[in-house]
Amino acid sequence: MDHERKPAPRGVRLDHRQVRVLAHPLRMRLVGALRVNGPATATRLAELLDTNTGATSYHLRQLAEVGLVVEDPERGSGRQRYWRAGHDFTQWDTSDYDADPDARAAIEWVEGHQVRHLTEVAERWFAARHGWSAAWRDALGMGDTFLTLTPRRLAALKAELGEVLERHRAEAAVDEPDAERVQVFLAAYPLPEGPR
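Residues numbered from 1 in each chain as written. Predicted model: local features only at pLDDT ≥ 70, side-chain atom pairs only at ≥ 80, totals over all residues. Heavy atoms only, no water.

## Comments concerning the side chain of R27
We apply this condition: Runs of E in the DSSP output that reach at least two residues are strands. Runs of H or I that reach at least four are helices, and both are numbered from the N terminus. Burial status follows relative accessibility: with a 1.4 Å probe on protein chains alone, a residue under 20% of its type maximum counts as buried, one over 50% as exposed, and anything between as partly exposed. Asp and Glu are treated as the negative residues and Lys and Arg as the positive ones, with His and the ends of the chain left uncounted. We define a salt bridge as a side-chain nitrogen of Lys or Arg found within 4 Å of a carboxyl oxygen belonging to Asp or Glu. Here, two residues are considered to be in contact whenever any of their heavy atoms come within 4.5 Å of each other.
Mapping R27 onto the fold places it in helix α2 (residues 25-37). Of the side chains bearing the opposite charge, E65 lies closest to the buried R27, which forms no salt bridge; the N-O distance is 8.7 Å. Beyond its immediate stretch of four places on either side in the chain, R27 contacts V21, L22, Y58, H59, Q62 and L63.

## A look at the sheet that holds strand β3 (residues 69-71)
The criterion, for reference: Here a strand pair is declared whenever DSSP counts at least two bridges between the two strands.
Read from one edge to the other, the open sheet built from 3 strands follows the order β2-β4-β3, with strand pairing classed as antiparallel. Edge strands, defined here as strands with exactly one partner in the open sheet, are β2 (40-41) and β3. Taken together, the 2 bridges between β2 and strand β4 (residues 82-85) define a ladder with antiparallel strand orientation. Counted as the bridge partner of T41 is Y82 from β4.

## Considerations on unusual backbone geometry
Even without glycine at this site, D50 takes up a positive phi of about 55°. With respect to the helices and strands, D50 occurs in the loop between α3 (42-49) and α4 (53-65). Classification of D50 by relative accessible area gives exposed; the value is 73%.

## Remarks on the environment of H24
In plain terms, the rule: Under the rule applied, a polar contact is a pair of N or O atoms within 3.5 Å (in protein, one hydrogen donor and one hydrogen acceptor; residues adjacent in sequence only if both atoms are side-chain atoms).
Assignment of secondary structure puts H24 in the loop between α1 (16-22) and α2. Sequence separation between H24 and H59 is 35 residues, and the spatial gap between their C-alpha atoms is 9.2 Å. Apart from the residues lying within four places of it in its own chain, the contact partners of H24 are H59 and W109. One polar contact links the side chain of H24 to the main-chain amide nitrogen of L26, over a distance of 3.1 Å.

## Quick look at the nonpolar core
The line we're drawing: The definition of a nonpolar core used throughout is a set of buried Ala, Val, Leu, Ile, Met, Phe, Trp, Tyr and Cys residues joined through side-chain atoms within 4.5 Å.
Within the largest apolar cluster, 29 residues are counted, with the highest numbers of intra-cluster contacts made by L14, V19, L34, L60 and L63. Going through the elements one at a time, α1, α2, α3, α4, β4 and α5 (101-128) are the ones with two or more residues in this core. Of the residues forming this core, the biggest block, 6 residues, is contributed by α2. For L60, the contacting residues outside a window of four places in its chain are L30, L34, A42, L45, V69 and W83.

Read these as layout, nothing more, since geometry by itself doesn't imply function.
Below is the structure:
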């Protein structure tokens, strides 16, 4: 089956101001909801995230000021404003924020939030997995590998894995009856011996 390739995803490399704005629980959830579910109003986002419209409206405006969300002018009418994520993925190097203690603290919070999110996703999967087919239960999950690499080789490995993921995203057959959206996490951490 020949499928039309999707456009390349829009990425953003978080600057100091963006990371400081993003480092907030509801703002992270808003951006995530827009990336996963597509454009929505503040009211719909409040329903999805079990909060109130005043909070979602305020935080959407904060995110919009730094370009992390944008209004979607093709949707809505009158006072009804639709928002969409300003990007499909975010990038940064931790060292980008070395000279800015506030941005460094913000990115550390964002990274911690990502780990907490991974834990929540895994726990939801563990609780629901027996409702999925054997094919899905065998395809989903996690694993680990131990490697001895230089920083340069690890960066090359991450880039290569990113290319593989992008190829599969671009070739995804969303119209196939057994297609489901999945979230792939990539993480690389040193073994506990400590820094060298």
